[in-house]
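Take a look at the letters that make up each chain.
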Amino acid sequence: MTSTVPEPIPTSDDEFLWLEDIYGEEPLQWVRGQNAETEEVLVNDAFLEDEQRLLEVLDSSDRIPMVAKRGEHYYNFWRDKEHPKGLWRRTTWDSYLTDAPEWDTLLDVDELAAVEGQEWVWGGAMFLRPANGDPYRRALIALSPDGGDAQRYREYDLADRSFVKGGFDIPVAKSRISWAGPDALHVGTDFGPGSMTTSSYPRTVRTLRRGEPLDAAQLYFEIPENSMMAAVAHDQTPGFERDIAAHIIDFYSSRTYLRREEEWVHIDVPDDVNVSLHRQWLLLRPRTDFELDGVTYRGGSLQAVLLEDFLAGRRGLTTVFEPDAHTALQSWSWTRDYLLLNLLRDVSSEIRVLNPADSWTAELLDACPPLHSVDAYAVDDEDDDAGNDYWLVATGFLTPTTVVRGTIGGAHAEVKESPSYFDESSFTVSQHFAQSSDGTRVPYFQVASKDLVLDGGNPTLLSGYGGFEHAMTPAYSGVTGRGWLERRTEDGRSGVYVLANIRGGGEYGPAWHQAALHANRHRAYEDFAAIAQDLVDRGVTRPELLGCTGRSNGGLLVGNMLTKYPHLFGAISCGVPLLDMKRYTKLSAGYSWIAEYGDPDKPEQWEYVQTFSPYHRLQEGTAYPKTLIWTATSDDRVGPVQARKMAARMKALGVKNVWFHEALEGGHAGASDNRQAARMHAMSHEFVWKALTGKL
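Residues numbered from 1 in each chain as written. Predicted model: local features only at pLDDT ≥ 70, side-chain atom pairs only at ≥ 80, totals over all residues. Heavy atoms only, no water.

Draft legend 1. Looking closely at the environment of Val379. Inspection of the secondary structure assignment puts Val379 in the loop between strand E28 (373-378) and strand E29 (389-396). Along the backbone, Val379 and Glu116 are 263 residues apart, and their C-alpha atoms lie at a distance of 35 Å. Discounting chain neighbours no more than four positions away, the residues touching Val379 are Lys69, Asp389, Tyr390, Trp391 and Arg405. (Helix = DSSP H or I, 4+ residues; strand = E, 2+ residues; numbered from the N terminus. Contact = heavy atoms within 4.5 Å.)

Here is the structure:
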C-alpha cells in the first residue's frame, strides 16, 4: 500500500518550541485549555458510565493476584477501589490456593502517601538474599513521585514493617541499583555533572557502603557519556556469587563483564550478542549471524557453553535453539535442572523443555492452544523441594487468563483463573495474513462477532506497535471487551478488534525487527497500511469505519498513518507518542533510541528520518482523519512535548477535528492508578467509536 500524500519540505523553524517547557506556566495553561475542549466533547453521562464499567474491570477483587516466591512466602502488589495506590503484601502457598487468601500487608502505599504528603507510585521491590536458613527480611522499595521512570529507592525491613532508620535511601533519579551484600549497594544514579549519559541514564556505577553519604560512594564501573547506560548486578546465587557489569551501548549492543581478581573481564562476543549467565552456564543469543572459531551461528538462535570453559578459550558452543521461517525465541527461564524456552510459532506460543544433563534434549510442553500466548518460567530454582516447578500464564483474546503450576516431568494443575468480563461466546478469533508492498506476508489477529457480515459495515479498531523487537501477542482484556467489542451501532453491529504483527516487532525474531530499522522504517508502516487495506478488501470494514490506535512507538506508527495514509482511516488515537523525529534525541530519553530510528543530527540520516517524522510531514490542505493525541505531563521517557507540538501545529494549519488531552500525572503508561487508567482507556475508545459512527 503506497502513500498518497506528497512529502513536504521540513521546516528549519519550529514555532512551537515553547511547548517543550514541560512545567512552564504558559504551556500548562495551553494544556488545560485543550483538555477542557476535549472533555467537553467526549465526557458526558454515557462516557462516565463506560468509564465506570472499565474501572470495575481494573478494580475487580476477582482478578488474579500474580505472585513471586521468595523463601516461604508469595508476594503480590495489588490495587483496587479501596487501595488505588496499592498494597504490597504476601501470603503462604496453602493460603494462595484458596479462593480468599489471607494476605499479610507489608506496605500500604496510600497510607504512606498520606503520611508523607507525596503521591507515591509503586515501582517494585528488590530483595536481599538472606543467609541460608534465614527468612527474607530486607528489600529496596522503588517509589516514583509521579509515575515516571525516575524513582526513589528506600531500604525496608519486612519484619518491622517499616523503612530502615538510617538505612539506604537513594534520591529520585533514573537509577539502576543492586544489592552488593547486606551492607552495600552498587548504585548507578545521578551523582551530579558527568554521571549520566546523553540518554539520561547512569554513566557510572559506584559502591555505597552502609552509613556512607551518597557522594562518598567509590567508583566501580563507568562507560562513555554517549553510550546508553551502565549497570552492575550482584548475582546472589549460593556458590555463584559474582558481580556482572553491563556496558549498554544502545538498545541492541552491549558488552558484559565479570569481576575477577579486582578486574573487569570482558565476555568476548560481538556487541549484538545477548549474554546471559546462570550458575555454571553461559547462554548467547546473537541478533545477527556471527562466527566463532570457524563456526557460524545464526541470528535469533541460542547457544550454551560452560562459563569457565568459555573464559579459558574452550569455545565449542552447543546450539540449543535454531529459528526457522515460522518460529522465534522470545525468552527463557532456568529451573534447577532444566531450561524452559518460550517460543512463538506464527505468533502462537510453543514451550520447549531442555535437559542440559542429557545433551540438551528437548521436549514440548503440551500447554499451548493455538492463537494463544503462554509464558513459562521458574517458580524458584533455588528451592530444595520446588526447584523444577514452573508457572504457566496462559491467555487469549477470548480466554480469561489462567495461572498453572507444574513440575517438569510431573503434572501441572490450574491455580487461578481470571473472571470473565464480557460475553466472549459472542465472538471468534481468527488469524490472517496481508501482503505488504514488498511481497512480505504480515500476520494479524482479528476478534469479531460470530455473525460478522463482510459487507464493509463494521466499526474496526486496528492496533499495533512495530518496534524494539517487541512482539504483540494474544491477550485477554476485559477493558477491550467492554470498551470496544461490546459496543453496538444503531443497527446492532459490534466492534471488531484487530492486532497487527508488523515488522519492527519481534514476532519472528531479530530479523523481523531489523527489517524495519533506520532507512527501512517505512516497511513497518507499509505493513500496517497493508493490513488496513486487507481489512477493507476482505469486507470487514471500509476506511471511514476503520480506526487505529498506538502508544509510544505505536504512537509514531499511527502518526505515520495520519500523515502518510490518511485515506485509509476514519479516526486515529495517538498516545504518549514520538512525533517530532528532528528533536526526539534531545527530548527525555530519546537519545537512547538512535539505534532504532537513526540520528537526525547527521544529515545523511536525517534524509530518511524525516520521511517518517509526522510533525514535519503535516501539510496544509490535507484531509486528515479525526484525531485524538493524548499524553502525560510526568512521562519522562518520551515526554509530553511531542504530542503537544503535533496537536498545536495541526490546529495552526487549520486541520479540523483534532483533539488533545494530557493527563497531569501517570508517567509513560499514561496512568499511575486504576482510576487514571480507566479514564485513559475510556477516552481513547469513546473518541474512536464516536468518530467512526458519526457521533463526533
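On we go from here.
Draft legend 2. Representation of the packing of helix H1 (residues 25-42) against helix H14 (residues 674-692) within the structure. Where H1 contacts H14, the axes come no closer than 11 Å and their chain directions differ by 65 degrees. Two packed elements cross with a definite hand, and for H1 against H14 that hand is left-handed. Where H1 abuts H14, its residues Thr38, Glu39, Val41 and Leu42 lie against Met683, Glu686, Phe687 and Lys690. Across the contact of H1 with H14, the residue classes tally to 4 nonpolar, 1 polar and 3 charged. (Axes fitted to C-alpha atoms, helices over the stretch in contact; angles between N-to-C directions. Left-handed = near helix turned anticlockwise from the far one by under 90°. Nonpolar A, V, L, I, M, F, W, Y, C, P; charged D, E, K, R; others polar.)

Draft legend 3. How the structure looks around the nonpolar core. Grouped together as the largest cluster of nonpolar side chains are 107 residues, with contacts concentrated most on Leu462, Phe528, Ile531, Met561, Phe569 and Tyr597. If one sorts the elements of this core by residue count, H14 sits on top with 10 residues. The contact partners of Ile531, leaving out residues within four places of it in the chain, are Ala434, Val442, Pro443, Tyr444, Leu462, Val498, Ala500, Asn501 and Ile502. (Core = buried A, V, L, I, M, F, W, Y, C linked by side-chain atoms within 4.5 Å. Buried < 20%, exposed > 50% of the residue type's maximum accessible area, 1.4 Å probe, protein only.)

Draft legend 4. Inspection of the pattern of salt bridges at higher detail. Tallied over the entire structure, the rule returns 51 salt bridges. Here Glu382 makes a salt bridge to Arg129, at a shortest N to O gap of 2.7 Å. Residue Glu382 is found in the loop between E28 and E29, and its partner Arg129 is found in the loop between strand E5 (121-127) and strand E6 (138-144); the two are separated by 253 residues along the sequence. Residue Asp324 is joined to Arg345 by a salt bridge in which the shortest nitrogen-to-oxygen separation is 3.7 Å. Here Asp324, found in the loop between strand E23 (318-321) and strand E24 (327-334), pairs with Arg345, found in strand E25 (residues 339-345); they are 21 residues apart in sequence, far enough to count as distant. (Salt bridge = Lys/Arg side-chain N within 4 Å of Asp/Glu carboxyl O.)

Draft legend 5. Broad picture of the pairing of strand E34 (residues 460-463). Of the two faces of E34, the one holding Thr460 and Leu462 and the one holding Leu461 and Ser463 are both buried throughout. Bridging between E34 and strand E35 (residues 496-500) involves 4 bridges; their strand directions are parallel. Directly across from Ser463, in E35, lies its bridge partner Leu499. Once the chain exits E34 it traverses helix H6 (residues 478-485) before rejoining the sheet at E35, and the crossover so formed is right-handed. Relative to strand E36 (residues 546-551), E34 is paired through 4 bridges, and the arrangement is parallel. (Pairing = 2+ DSSP bridges. Right-handed = clockwise from strand over helix to strand, strands pointing away.)

Draft legend 6. Here's a closer look at the sheet that holds E23. Taken together, the 4 strands give an open sheet; going across it, the order is E18-E19-E22-E23, and neighbouring strands pair in antiparallel fashion. Of all the strands in the sheet, just strand E18 (273-278) and E23 have a single pairing partner and so form its edges. On average, each strand axis in the sheet is tilted by 30 degrees relative to the strand beside it, whichever way the strands run. Pairing of E18 with strand E19 (residues 281-286) involves 6 bridges; the strand directions are antiparallel. Bridge assignment links Leu277 to a residue of E19, and that residue is Leu282.

Draft legend 7. Quick look at the pairing of strand E15 (residues 242-250). Two elements, strand E14 (residues 229-235) and E15, share 7 bridges in a ladder whose sense is antiparallel. In the sheet register, Ala230 faces E15, and the bridge partner there is His247. Adjacent in sequence and paired antiparallel, E14 and E15 are bridged by 6 residues, among which Gly239 carries a positive phi angle near 90 degrees. Relative to strand E16 (residues 253-260), E15 runs antiparallel, the two being bridged by 6 bridges. Along E16, the bridge assignment pairs Asp250 with Ser253.

Draft legend 8. Expanded view of the sheet that holds strand E38 (residues 626-632). Within the open sheet, the 8 strands sit side by side as E32-E33-E35-E34-E36-E37-E38-E39. Their pairing is mixed. Strand pairing shows two members of the sheet lacking a second neighbour, strand E32 (427-435) and strand E39 (658-663), which therefore form its edges. Taken over all neighbouring pairs, the strand axes of this sheet differ in orientation by 20 degrees on average, direction set aside. Sitting on the sheet, helix H8 (residues 522-537) is in contact with E32, strand E33 (441-449), E34, E35 and E36, with an inclination near 45 degrees to E33.

Draft legend 9. Structural context of the packing of aromatic side chains. One pass over the structure, following the stated rule, counts 35 aromatic pairs. Note on Phe422 and Phe427: the rings are 6.2 Å apart at their centroids and 65 degrees apart in plane angle, and the pair reads as edge-to-face. The exposure class assigned to Phe422 is buried, which follows from its relative accessible area of 5%. The exposure class assigned to Phe427 is buried, which follows from its relative accessible area of 3%. Between Trp659 and Phe687 the ring centres are 5.8 Å apart and the planes differ by 65 degrees, which places this aromatic pair in the edge-to-face class. Of this pair, Trp659 sits in strand E39 while Phe687 sits in helix H14, and the two are 28 residues apart along the sequence. (Phe/Tyr/Trp six-rings, centres within 6.5 Å; stacked < 30°, edge-to-face > 60°.)

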